[in-house]
Amino acid sequence: EAAVTQSPRNKVAVTGGKVTLSCNQTNNHNNMYWYRQDTGHGLRLIHYSYGAGSTEKGDIPDGYKASRPSQENFSLILELATPSQTSVYFCASGDARGANERLFFGHGTKLSVL
Amino acid sequence: AQSVTQPDARVTVSEGASLQLRCKYSSSVTPYLFWYVQYPRQGLQLLLKYYSGDPVVQGVNGFEAEFSKSNSSFHLRKASVHWSDSAVYFCAVSMRGSALGRLHFGAGTQLIVIP
């Protein structure tokens, strides 16, 4: 079974601070994704990546940056955190078979911005 | 643009009862359709998916879903629920022809199974 590991599991940050959420996958998947989950909205796509060195904007990229330094690692960066970014963040990887791709999710990171 | 609607935010059923969780999508073409489940303090896991062919697809743990093109729906069913089925269920779609699986999720339905 595909393994996606996120760190940290919980994070409390101050408004204006920098936050980095990390994700590691050991399945050699090309595609990786960052979603946020908010009540009433389901999961919304922030950034994604086709492979090492690539990052693409998703549906709600404002206020976030992403970095894919290697096949295994994909980070989400909040340069200036705001309370509206309080949410649960999920990383996922996919087996790159087109639109019918199956995604494998991490356990999530709960971020609170005070 | 695609959208997914799960009209029931919460569903409560008794153990052993049957279950239907509703999902409707809006899309100009039939998308790929998925149901994912999220157990407490875990990430999402794939339950089942529909690409084409038989409109009834079987998933894990006795779940099945039926695609209806005329109704733009993909409802999830189970004949007899167990307390361990308590979780949040998400319906999702992705567009055929796209280069990768960008999923559009519904808001989710929380299922509560009463022992």
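About the criteria used
- Residues numbered from 1 in each chain as written.
- Chains lettered and ligands numbered in written order.
- Predicted model: local features only at pLDDT ≥ 70, side-chain atom pairs only at ≥ 80, totals over all residues.
- Heavy atoms only, no water.
- Helix = DSSP H or I, 4+ residues; strand = E, 2+ residues; numbered from the N terminus.
- Rg over C-alpha atoms; globule rule 2.2 N^0.38 Å.
- Disulfide = S-S within 2.5 Å.
- Buried < 20%, exposed > 50% of the residue type's maximum accessible area, 1.4 Å probe, protein only.
- Contact = heavy atoms within 4.5 Å.
- Buried area = accessible area lost by both parts, 1.4 Å probe.
- Salt bridge = Lys/Arg side-chain N within 4 Å of Asp/Glu carboxyl O.
- Polar contact = N/O pair within 3.5 Å; in protein donor to acceptor, adjacent residues only side chain to side chain.
- Nonpolar A, V, L, I, M, F, W, Y, C, P; charged D, E, K, R; others polar.

(A) Molecular detail of the overall build of chain A. Along chain A, the regular secondary structure elements total zero helices and eleven strands. Walking chain A from its N terminus toward its C terminus, one meets helices and strands in the order β-β-β-β-β-β-β-β-β-β-β. Relative to a compact globule of 114 residues, whose C-alpha radius of gyration would be 13 Å, chain A shows 13 Å and is just as compact. C-alpha extents for chain A along the principal axes are approximately 40 × 30 × 25 Å.

(B) Region of interest: the state of the cysteines. Within the structure shown, the criterion is met by two disulfides over all chains. Between the sulfur atoms of A:C23 and its disulfide partner A:C91 the distance amounts to 1.9 Å. Where A:C23 bonds to A:C91 through sulfur, the torsion about that S-S bond is close to -80°, and the disulfide is left-handed. Separated by 68 residues along the polypeptide, A:C23 in strand β3 (residues 19-25) and A:C91 in strand β9 (residues 87-94) bring together distant segments of the chain. For the pair A:C23 and A:C91, a shared accessibility class is recorded, and that class is buried. Across the disulfide from B:C23 sits B:C91; the S-S distance is 2.0 Å. Looking down the S-S bond of the B:C23 and B:C91 bridge, the torsion is -65°, so its handedness is left-handed. Of this pair, B:C23 sits in the loop between β3 (19-21) and β4 (24-26) while B:C91 sits in strand β10 (residues 87-94), and the two are 68 residues apart along the sequence. This pair shows no difference in class: B:C23 is buried, exactly as B:C91 is.

(C) The arrangement of the interface of chain A and chain B in detail. Taken together, the 25 residues of chain A in the interface contact 25 residues of chain B. Together, the buried faces of chain A and chain B total about 1900 Å²; carbon and sulfur atoms form 57% of this surface. Applying the counting rule to chain A against chain B returns zero salt bridges. For the interface between chain A and chain B, the tally reads three residue pairs in polar contact (both at pLDDT 80 or more). In terms of residue class, the side of chain A that touches chain B is made up of ten nonpolar, ten polar and five charged.

(D) Highlighting unusual backbone geometry. Following A:S7, the chain continues into A:P8 via a peptide bond in cis, with omega recorded as -5°. Tracing the backbone shows A:P8 in the loop between β1 (4-7) and β2 (10-13). Phi at A:N28 takes a positive value of approximately 60°, unusual for a residue other than glycine. Residues other than glycine seldom take positive phi values, yet B:R41 does so here, at roughly 60°. Looking at where B:R41 falls in the secondary structure, it is placed in the loop between β5 (32-38) and β6 (44-50).

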